Amino acid sequence: MRTFIALLTFLATLVSPYAYAKPPNVLVSIAPLHSIVSAVTEGVFTPSLLIPAGQSPHHLSLAPSDAQRLHKADFILWVGPSLENYLVRPLDNLSRAPVVLALEHVASLTILPQRETIEWPEHTHSHDEHSDHAHLHEHDIDLLTSDPHLWLSPKNAAQIAQVVSEHLVLLDPENSLRYLKNTQDFQARLKQVDTNISNVLSDIKTMPYMVFHDGYQYFEQYYGLNSVGAMHLHPDSSLSVKRAHQIRDIIQGRAAVCIFKEPQFPDAMITNLLDGVAIKVGVLDPLGANIEPGPSGYFSLLEQLSTNLNACLNDPTSQEDRSE
Ligand SMILES: [Zn+2]
């Protein structure tokens, strides 16, 4: 029997052009994706994370030590050029040819267009009507104008686990059953977490709020939230006087209850802007800077987003406070 299994394994190695004798060296660009991959590979190996969640992947450049890690990887998972422009050239210049998967090119994921203005029109449709909501793929849109925060849709997360497991089965056929089982478990737990979050958010769906940067569209659309605008389309550390006026107008015009800052950017940017404006300040983090990377990290990220939205928006007195 043992010989038979060894033979099967050997044959699998011959059949698959990808196969390695030991688990592949997998490098993942950002923490939320790393957590999804960790769930798929649990019990087999731990993938490595390129950029810690405390750092924003927008406008980054690659340290020489990180460039080395790219060279050692067998499989590299990233969002793609619209988020991680800093990886485009290093990936082109690799001397080896690892499997490189850019999620924004994966046809089974829902890709939304990047919004072009910092104030957004009111959403009139509900969560349930989103099944055939217009979404975009390569043939529709220049990828540089797609919204890169694709991991914040639970539906995309289930697909990411799926597509990652399919690649791992080819790279490491010996552990394929484990990858497939882990993927099913991840998707089942995701369903539960998704249901809980829908319940938590049901009371605050209509509450208007603003965010620091336009990083939450996938989450907002999926759960049908009433986000009215962002301080920045792309995170930026400076704010013009004209833009500051525009933001204050949106806050007042749309009666925004709460504005959410991000741990990756300095607080002073929001406190200066809000001097004299009656609005609560919350925290949203699209990456999960305070979350331990690992198999449960993605669920913690979604739960933290819903908890923080709820904490700032689910307060019946906040509307009255503002009208004074
Ligand atoms: Zn972002």
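Bear in mind that the values here come from a model prediction, so they are computed numbers and not experimental data.

Attention now goes to the overall build of the chain. The helix and strand inventory of the chain stands at 11 helices and 8 strands. For the chain, the proportion of its 324 residues judged to be buried stands at 51%. Intrachain contacts of the chain at a sequence separation of at least 6 include 70% that bridge at least 24 residues. With the model as given, the accessible surface of the chain reaches about 15600 Å², and the carbon-plus-sulfur share is 53%.

Glancing now at the nonpolar core. The biggest cluster of nonpolar side chains holds 66 residues, and the ones touching the most others in it are Leu 33, Leu 103, Trp 151, Leu 168, Phe 219, Leu 309 and Leu 313. The next biggest cluster of nonpolar side chains, apart from the first, holds 19 residues, and it includes Met 231, Ile 250, Phe 265 and Val 277.

Enumeration according to the criterion identifies 8 aromatic pairs in this entry. Considering the side-chain rings of Phe 219 and Tyr 223, the 4.8 Å spacing of their centres and the 55° angle between planes classify their relative orientation as tilted. Placement of the pair is Phe 219 and Tyr 223 together in helix α7 (residues 217–223), with a separation of 4 residues, close to one helical turn. Looking at Tyr 223, the relative accessible area reads 2%, which means it is buried. Taking 6.5 Å as the distance between ring centres and 70° as the angle between the ring planes, the aromatic pair formed by Tyr 298 and Phe 299 counts as edge-to-face. The ring of Trp 120 has Arg 115 sitting right over it, with the charged end atom 3.4 Å from the ring centre.

Here we come to the sheet that holds strand β5 (residues 209–213). Within a sheet, adjacent strands bond to each other through the backbone by hydrogen bonds, running parallel or antiparallel. Spatial strand order, β6-β5-β7-β8: 4 strands in an open sheet with parallel pairing. The open sheet has two edge strands with one neighbour each: β6 (227–232) and β8 (280–283). Taking the axes of each pair of neighbouring strands and ignoring which way they run, one obtains an average angle of 30° across the sheet. Those strands touched by helix α10 (residues 297–313) are β5, β7 (258–261) and β8, and its axis lies near 145° from that of β7.

Applying the stated rule across the entire model yields 1 disulfide. Paired through a disulfide, Cys 258 and Cys 312 show a sulfur-sulfur distance of 1.9 Å. The sign of the 85° torsion about the S-S bond sets the Cys 258-Cys 312 disulfide as right-handed. Taken together, the positions of Cys 258 in strand β7 and Cys 312 in helix α10 put the pair 54 residues apart, joining distant regions of the chain. Comparing Cys 258 with Cys 312, the two get one shared label, buried.

What counts, and where the lines are drawn
- Residues numbered from 1 in each chain as written.
- Predicted model: local features only at pLDDT ≥ 70, side-chain atom pairs only at ≥ 80, totals over all residues.
- Heavy atoms only, no water.
- Helix = DSSP H or I, 4+ residues; strand = E, 2+ residues; numbered from the N terminus.
- Buried < 20%, exposed > 50% of the residue type's maximum accessible area, 1.4 Å probe, protein only.
- Contact = heavy atoms within 4.5 Å.
- Areas by Shrake-Rupley, 256 points an atom, 1.4 Å probe, with all protein chains shown as cover.
- Core = buried A, V, L, I, M, F, W, Y, C linked by side-chain atoms within 4.5 Å.
- Phe/Tyr/Trp six-rings, centres within 6.5 Å; stacked < 30°, edge-to-face > 60°.
- Lys NZ or Arg CZ within 6 Å of the ring centre and 35° of its normal.
- Pairing = 2+ DSSP bridges.
- Axes fitted to C-alpha atoms, helices over the stretch in contact; angles between N-to-C directions.
- Disulfide = S-S within 2.5 Å.

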